[in-house]
Amino acid sequence: MFLIKALFRIKTADEIKAIETEAENSMKKPDMVSIEVTNPLLDGKTLRQILDIVQFDFVISRLMDKDGKIVIPVSKTVVHTGDKLYVVISAKDTERFEMLIGPECEVDWDECTPSQVVSRRIVITKSEYNGVALGALRLHAGYQLNATRVNRAGVDLLASPNLRLQMGDRITVVGDINDIDRLANKLGNSMRRLNEPNLITIFIGIMFGIIVGSINVGFGMKLGLAGGPLVVAILLSRFGYKFKLVTYTSSSASLLMRELGITLFLASVGISSGAGFAETVFNYTGMWWVIWGFIITFVPLIIVGCIARGVYRINFLTIMGLFSGGYTDPPALAYANGSTGSDAPAVAYSTVYPLTMFMRVVAAQGLILCFM
């Protein structure tokens, strides 16, 4: 990390600012814009018909007709020229939507909206809705509500009908306060529930991870205690909702487990390797083990780092996470996170760590089999 930083004269503060700006301008982040309908071809069309015409997802939170009356629209609501729409839409689709529907306009929706129509966030805290598609809640038919966006782990997502919900998601809905209260009771909306850890899923993951790690996958090879739980964890995160397994963990609990895991990892390595460290390393054979280990670890990552920064101009925070995951080094990740104050290294780490760990376990056993 220090060498790449020096070679390319990288300023960490600029990299942090660049990645924050990129996150703010993410094309997945929904825009909230006011649009006036001026296209005469759309006069008399329903919102469902307009959706079929534009061919991308959007949500109409509120509609103001020519008389200034505001309604909460549904898919069957008819649109006329002169109507004003409060639209939640992906940033990359905003320009196309304006070209098809009409120009952006200025409307103070908070001032115009009737007092009984409000916008609220509802937290999903009931496990039975984990993995359920947003469209399955039937918000229009059952509650006369519009869902405009879903906030997940601090990131706003467009509330498309096929979006699968997770524990801890925060749904922004617009409608009558009484309907919102009914939906909140149905979905849970209890912050206390989110503070309770889901230990059963963790122990199920550990148990099946040990079982999978003990299975002979062929030629006498096993994933072991490192690869087995890793594979099961990935599968649980992807398919766990189908078995009603809740994987939500609060940020504080996640940080505690992360720091505790790093501490226990270093402690176990020190206890198992520290006793015979001097006798193993400070001799001719040990010296060559250290030299070859250094070359194997250092040279490939330096080459990849130079290509990543010099050719593809990848952000240095991402490169730090890539390095940490590339040699499966949690302390290096802890340094990267601590020195930058950003989660970007952890995101990059998580993308390469599973493959690296899996290949390391398999490659080591493969080399042993080859030389037997």
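The structure under discussion appears in the preceding block.
Small disclaimer: the values here were computed from a predicted structure and weren't measured.

Caption draft 1: The overall build of the protein chain, seen in detail. Scanning the protein chain for helices and strands turns up 16 helices and 12 strands. For the protein chain, the spread of C-alpha atoms along the three principal axes comes to 90 × 45 × 35 Å. Considering only contacts within the protein chain whose residues lie at least 6 apart along the sequence, 75% involve residues at least 24 apart. For the protein chain, the exposed surface amounts to about 21,900 Å²; the carbon and sulfur share of it is 62%. Averaged over its 35 positive side-chain charges, the protein chain has a centre that lies 8 Å from the centre of its 32 negative ones.

Caption draft 2: Expanded view of the nonpolar core. Residues Leu134, Leu137, Leu139, Ile171, Val173, Leu183 and Leu187 are the most contacted members of the largest nonpolar core, which totals 20 residues. When residues of this core are traced back to their parent elements, those giving at least two are strand 7 (117-123), helix 6 (139-143), strand 8 (146-152), strand 10 (170-176) and helix 7 (177-187). Counting 17 residues, the second-largest nonpolar core is a separate cluster that includes Val33, Ile35, Leu63 and Leu85.

Caption draft 3: The arrangement of the packing of aromatic side chains in detail. Throughout the structure, instances matching the rule amount to eight aromatic pairs. Between Phe2 and Tyr335, the aromatic rings sit 5.9 Å apart at their centres with planes inclined by 65°, giving edge-to-face as the arrangement. Here the residue Phe2 occupies a position in helix 1 (residues 2-7), and Tyr335 occupies one in helix 15 (residues 330-340), the gap between them amounting to 333 residues. Phe2 gets classed as exposed once you look at its relative accessible area, which sits at 63%. Taken together, the ring pairs in this structure connect Phe56, Phe58 and Phe97 into an aromatic cluster.

Caption draft 4: Highlighting the packing of helix 10 (residues 224-239) against helix 16 (residues 344-370). Where helix 10 contacts helix 16, the axes come no closer than 9 Å and their chain directions differ by 145°. Considering how the two elements wind past one another, helix 10 and helix 16 form a crossing that is left-handed. Counted together, Ala226, Gly227, Leu230, Val231 and Ile234 of helix 10 and Tyr353, Pro354, Met357, Phe358 and Val361 of helix 16 form the full contact between these two elements. When its residues are assigned to classes, the contact of helix 10 with helix 16 shows nine nonpolar, one polar and no charged.

Caption draft 5: Examining the sheet that holds strand 4 (residues 70-71) more closely. Overall, antiparallel pairing links the four strands, which are arranged 1-6-3-4 in an open sheet. In this open sheet, the two strands that pair with only one neighbour each are strand 1 (30-36) and strand 4. Across two bridges, the pairing between strand 3 (residues 58-64) and strand 4 is antiparallel. Looking at strand 4, one finds that Met64 is bridged to Ile70. Where helix 4 (residues 94-101) meets the sheet, its contacts fall on strand 1, strand 3 and strand 6 (84-90), and the angle it forms with strand 1 comes to roughly 15°.

Conventions we followed
- Residues numbered from 1 in each chain as written.
- Predicted model: local features only at pLDDT ≥ 70, side-chain atom pairs only at ≥ 80, totals over all residues.
- Heavy atoms only, no water.
- Helix = DSSP H or I, 4+ residues; strand = E, 2+ residues; numbered from the N terminus.
- Contact = heavy atoms within 4.5 Å.
- Areas by Shrake-Rupley, 256 points an atom, 1.4 Å probe, with all protein chains shown as cover.
- Lys, Arg positive; Asp, Glu negative; His and termini not counted.
- Charge placed at Lys NZ, Arg CZ, Asp CG, Glu CD.
- Core = buried A, V, L, I, M, F, W, Y, C linked by side-chain atoms within 4.5 Å.
- Buried < 20%, exposed > 50% of the residue type's maximum accessible area, 1.4 Å probe, protein only.
- Phe/Tyr/Trp six-rings, centres within 6.5 Å; stacked < 30°, edge-to-face > 60°.
- Axes fitted to C-alpha atoms, helices over the stretch in contact; angles between N-to-C directions.
- Left-handed = near helix turned anticlockwise from the far one by under 90°.
- Nonpolar A, V, L, I, M, F, W, Y, C, P; charged D, E, K, R; others polar.
- Pairing = 2+ DSSP bridges.

From the geometry alone we can't say anything about function, so treat these as descriptive.
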